[in-house]
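So the chains spell out like this:
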Amino acid sequence: MTLPHVSFSAAGADGSPTVRPAPSPLFIAALVCAQAGVSLAIFTPLTVSLSLRVSQIAPESATTTLSLVMSVGAVLALVSNPLFGALSDRTTSRFGRRRPWILGGMLVTTAGVAVAGLTSSVAGLTIGWSLSQLGSNAVGASLNAVVADRIPAAQRGRISGALGGMTSLAMVLGSLLATFLVHSVLLLFAVPALVGLTAVVFLCFAMRGEAQFPRTSVPGLRMGAFLKSFWVSPRRHPDFAWNFLGRFLIFCGLAATTGYQFFFIVNRLHQSPVEATHTIALSTTLSTAASLVGALAGGWLSDRTGRRKPFVFVSAFVVVAGLALNSVAHSTPVFLAAMTLFGLGLGSYGAVDTALAIAVLPDPETAAKDLGLLNVANTLPQSLIPVIAPLLLGIASPQGTNFLSLYLFGSVCAFVGAFAIRFVRSVV
């Protein structure tokens, strides 16, 4: 990916324009690698490792236990992303305001997955996964802000597409790792985390020239004002609110699908746990290939045309189509087709919606905090869906395997979320 060497401006803390250098090729490569590494560390457990560990620790209540573990971690993610983002915005260390949180967060993530892989109790697994959620959200809040800080608006679609593609690629690599490490859950937790830590160190090296935030331009830390800063008025910033709602509903559909995929394959498609691991690897490969195409094509076309909303709207409906097809899948080929369609839509949606989200931020200098608030729309469904899922799975099914109701619920949520994008006014 070749980027023109230009500088760009953004509003400074005092409202004056601040000229920032264009990102170097080394920085872009490091940012992409870091996104891939962090995603590998966190999505491998979400896709495979947690389900396998739960099956070992609590085989008789696997779905309920998995819901509990994911819910606790998701609640912490819900709070930590905007909190760490706000603290990153206020950081004035000599290492800049993003690097300390990126590196420190990844170290906590690595410690958390080590605990999850070593423990033999549900409590230990919950603690380990909670630590990894806290750490990864500290990393994610600052990584998202780096895009807003360092990438010119005309290139955000392409860069966001590349970053989204790396997230999808990490899911494939995690599934492939599972086929080799399925008999060693500790390694299945540890190897992705160590890859992520290495990639983050590379990014911190590439960000050596990160501008420090002047201490005089950072407001004093008063608890009342600090807490109040997390409220973004829907009346004053309606586009931010509509984007939040659309994301939230789309990710409700995503959480309903990915969180229970392992059990769906075992119960609906009647595969053994080992066979299910291979099927997940294949489905993730197909959906990731489609997601890469969607992310890169959607981001490039959006930058090329200068339009965001049409691509977000259409992509969201492709996601809905994939979810709906998955809800009625009773064979492996149909399931694979549904996940491929789902990946195509989600890749394009993630790339363009990120560029749209940055465009509707209330204040460029509080990008990490505001993007962290938007990320609540991504993480809140991870808390709510595990609470709702057992009720939906239990409809007319004492075994808790009514995946039709769960997946239809996710499809309806995503359908409504697609329409929310149409109410964003400041972005075409």
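For the structure given in this document, a descriptive report is provided here. (Residues numbered from 1 in each chain as written. Predicted model: local features only at pLDDT ≥ 70, side-chain atom pairs only at ≥ 80, totals over all residues. Heavy atoms only, no water.)

1. Here's the deal with the side chain of serine 411
Structurally, serine 411 can be placed in helix α14 (residues 403–420). Exposure remark for serine 411: the relative accessible area of 6% places this residue in the buried category. (Helix = DSSP H or I, 4+ residues; strand = E, 2+ residues; numbered from the N terminus. Buried < 20%, exposed > 50% of the residue type's maximum accessible area, 1.4 Å probe, protein only.)

2. As for the packing of aromatic side chains
Within this structure, the stated rule accounts for twelve aromatic pairs. Relative to phenylalanine 317, the ring of phenylalanine 313 has its centre 5.1 Å away and its plane inclined at 70°; by these criteria the two rings are edge-to-face. Remark: phenylalanine 317 and phenylalanine 313 occur in helix α11 (residues 309–327); sequence separation between them is four residues, near one turn of the helix. Note on phenylalanine 317: relative accessible area 26%, which makes it partly exposed. (Phe/Tyr/Trp six-rings, centres within 6.5 Å; stacked < 30°, edge-to-face > 60°.)

3. Observations concerning the nonpolar core
If you look at the biggest cluster of nonpolar residues, it comprises 100 residues, and the most contacted ones within it are Ile102 and Leu203. With 14 residues, the top contributor of residues to this core is helix α1 (residues 25–57). Setting aside anything within four residues of it in sequence, one finds leucine 203 in contact with Phe27, Ala30, Leu31, Ala34, Ile102 and Leu143. (Core = buried A, V, L, I, M, F, W, Y, C linked by side-chain atoms within 4.5 Å. Contact = heavy atoms within 4.5 Å.)

4. Details of unusual backbone geometry
Phi at histidine 270 takes a positive value of approximately 55°, unusual for a residue other than glycine. Here histidine 270 lies in the loop between α9 (261–267) and α10 (273–305).

5. Points about a nonpolar patch on the surface
Judged by side-chain polarity, Leu325, Val328, Val334, Leu404 and Leu408 come together as a nonpolar surface patch covering roughly 350 Å² of accessible area. Turning to its location among the elements, valine 328 is positioned in the loop between α11 and α12 (332–359). (Patch = residues over 30% accessible without salt bridge, like charges linked within 9 Å, V, L, I, M, F, W, Y side chains within 5 Å. Areas by Shrake-Rupley, 256 points an atom, 1.4 Å probe, with all protein chains shown as cover. Salt bridge = Lys/Arg side-chain N within 4 Å of Asp/Glu carboxyl O.)

6. Remarks on the packing of helix α2 (residues 62–90) against helix α4 (residues 122–150)
Running from amino to carboxyl end, α2 crosses α4 at an angle of 30°, the nearest separation of the two axes being 7 Å. Judged by the inter-axis angle, α2 sits roughly parallel to α4. Remark: the crossing between α2 and α4 carries right-handed chirality. Each residue belonging to the contact of α2 with α4 can be placed in one class, and the counts come to 14 nonpolar, eleven polar and no charged. (Axes fitted to C-alpha atoms, helices over the stretch in contact; angles between N-to-C directions. Parallel < 35°, antiparallel > 145°, perpendicular 65-115°, else oblique. Left-handed = near helix turned anticlockwise from the far one by under 90°. Nonpolar A, V, L, I, M, F, W, Y, C, P; charged D, E, K, R; others polar.)

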